[in-house]
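Structure assessment
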Amino acid sequence: MKSWSLFASATALVALLAGGCSTLDEQQREWIFQPSDRSWGNSEAMSQGMDDVWIDFESSLTGEPARLHGLWLGGAPETEDTPVLLYLHGARYNVAGSAPRMRRMHELGFSVLAIDYRGFGKSSKGLPSEDSAREDARAAWAWLAARHPKQARYIFGHSLGGAIGIDLASRVNDESGTIVESTFTSIADVASSFKWGWLPFGPFITQRFEAISKVKDIGAPLLVVHGAADSLINPTLGRKLYDAATVPKMFVLVEGGSHHNANSIGQAQYRAALSQLFRMKEPPVETASGADAPPKPAPLPQPAPPETTALRPHRLSGQAI
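Residues numbered from 1 in each chain as written. Predicted model: local features only at pLDDT ≥ 70, side-chain atom pairs only at ≥ 80, totals over all residues. Heavy atoms only, no water.

Attention now goes to the pattern of salt bridges. Tallied over the entire structure, the rule returns 14 salt bridges. Measuring nitrogen to oxygen at the nearest pair gives 2.7 Å for the salt bridge that ties Asp-136 to Arg-118. With Asp-136 in helix 4 (residues 130–147) and Arg-118 in the loop between strand 4 (111–115) and helix 4, this residue pair connects regions lying 18 residues apart in the sequence. Looking at Arg-118, the relative accessible area reads 8%, which means it is buried. Between Arg-208 and Glu-210 there is a salt bridge; the shortest N-O distance is 3.2 Å. Accessibility expressed as a relative area gives 27% for Glu-210, which makes it partly exposed. (Salt bridge = Lys/Arg side-chain N within 4 Å of Asp/Glu carboxyl O. Helix = DSSP H or I, 4+ residues; strand = E, 2+ residues; numbered from the N terminus. Buried < 20%, exposed > 50% of the residue type's maximum accessible area, 1.4 Å probe, protein only.)

Written out as structure tokens, the structure reads:
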């Protein structure tokens, strides 16, 4: 991802030059989303075997038909005990670029639906915005709920997708939990953390992504994961987002984790957190002979007990919380 310091400095300069509200808004949308049909490295190869999904809906923003492309990585066989996850990716790369992270979440026990927002990949063309991405997330959630009504459903967002996921969680009441990784409190806070953050560009930000105000409205447990070595989104922003939540919650700091690999090197911490916070059982493991162990039916993940409304995170091995 290009450094968002470009956003901070360019926003201030454009504002000072009075470039016009419409142009400024479009520039921000381009800088923030960086929409494309590119994948991260050779990650597209890891999407082989995933099923293509198409989600059609009428956009209330444009009044026109919209189509989202997604990838589905389901369990075999899938039962009511298998939780499903809506994966919302970050900026710049298409949904295939998230295939490695999708597979890791699948290994943790989820069936996964990941989507491209409009303007990315094979989804409807156009320059995405905060509002259109919110609408896309709602459409994908409705699709998932219609096809998996009896299964526990979770929201996952990486980076920018985390802010979109927090917004979605604040608007629905049928999620079993929300997971955000390498995300932030607001675009203004991100911009302020860069070299040119002292410039007075705040009033000119049109794509605000105020996750800090939305997180107070979610009603299911929240897991916030951040890499301690994240040089793009400062870990303090993830911690502030966690602090603002009022539901049962956990903050996992992955030592050595960057903006892009916290999910990979923090897999063991993820597994422990899912078990502690969401009461998820680990998926079957191989026996000593190499054969799959008989699957044990797992109950639907239950929220933490009522008395743990401000659940204190447990210290997981090898991490600082």
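This part takes up empty space enclosed by the protein. The rolling of a water-molecule-sized probe over the atoms marks out the regions of remaining empty space. Throughout the structure, instances matching the rule amount to 2 cavities of 30 Å³ or more. Roughly 50 Å³ of volume is contained in the largest cavity. Lining the largest cavity, in full, are Glu-130, Arg-134, Ala-163, Ile-164, Asp-167, Phe-209, Glu-210, Ala-211 and Lys-214. Elements with a minimum of two residues in the lining of the largest cavity: helix 4, helix 5 (160–171) and helix 7 (211–214). Here the element with the most residues in the lining of the largest cavity is helix 5; it accounts for 3 residues. For the lining of the largest cavity, the residue count by class is 4 nonpolar, no polar and 5 charged. (1 Å grid on protein atoms, 1.4 Å probe; cavity = no way out; pocket = protein on both sides within 12 Å on 5 of 7 lines; lining within 4 Å. Points joined across faces, edges and corners; volume = space filled by probe spheres on them. Nonpolar A, V, L, I, M, F, W, Y, C, P; charged D, E, K, R; others polar.)

The subject of this paragraph is the nonpolar core. If you look at the biggest cluster of nonpolar residues, it comprises 54 residues, and the most contacted ones within it are Ile-55, Leu-86, Leu-113, Phe-184, Phe-209 and Leu-222. Take this core: its biggest share by element is 7 residues, from helix 4. Setting aside its immediate chain neighbours within four residues, Phe-209 contacts Ile-32, Phe-33, Glu-130, Leu-160, Ala-163, Ile-164, Phe-184, Thr-185, Ser-186 and Ile-187. In terms of nonpolar packing, the next biggest core, distinct from the first, is built from 29 residues, Met-50, Phe-110, Tyr-270 and Phe-278 among them. (Core = buried A, V, L, I, M, F, W, Y, C linked by side-chain atoms within 4.5 Å. Contact = heavy atoms within 4.5 Å.)

Glancing now at the environment of Lys-125. Mapped onto the secondary structure, Lys-125 falls in the loop between strand 4 and helix 4. A C-alpha to C-alpha distance of 9.0 Å links Lys-125 and Ala-66, two positions 59 residues apart in sequence. A polar contact is formed between the side chain of Lys-125 and the backbone oxygen of Gly-121, at a distance of 3.3 Å. (Polar contact = N/O pair within 3.5 Å; in protein donor to acceptor, adjacent residues only side chain to side chain.)

Bringing the confidence of the model for the protein into the picture now. Here the protein shows a mean pLDDT of 83. Residues at 70 or above account for 77%. Counting interchain partners and residues more than four positions distant, the pLDDT-below-50 stretch residues 1–20 has 46 contacts. Taken as a whole, residues 286–321 scores under 50 in pLDDT and shows 67 contacts with residues more than four places along the chain or in a different chain. (pLDDT = per-residue confidence, 0-100.)

We now examine the pairing of strand 7 (residues 222–227). Across the 6 residues that make up strand 7, a large majority, 6, are buried. Here strand 6 (residues 177–181) pairs with strand 7 via 4 bridges, running parallel. Looking at the pairing, Ile-179 lines up with Leu-223 of strand 7. Looking at chain direction, strand 7 and strand 8 (residues 249–254) are connected through 6 bridges and run parallel. Across the sheet, His-226 pairs through a bridge with Leu-253, a residue of strand 8. (Pairing = 2+ DSSP bridges.)

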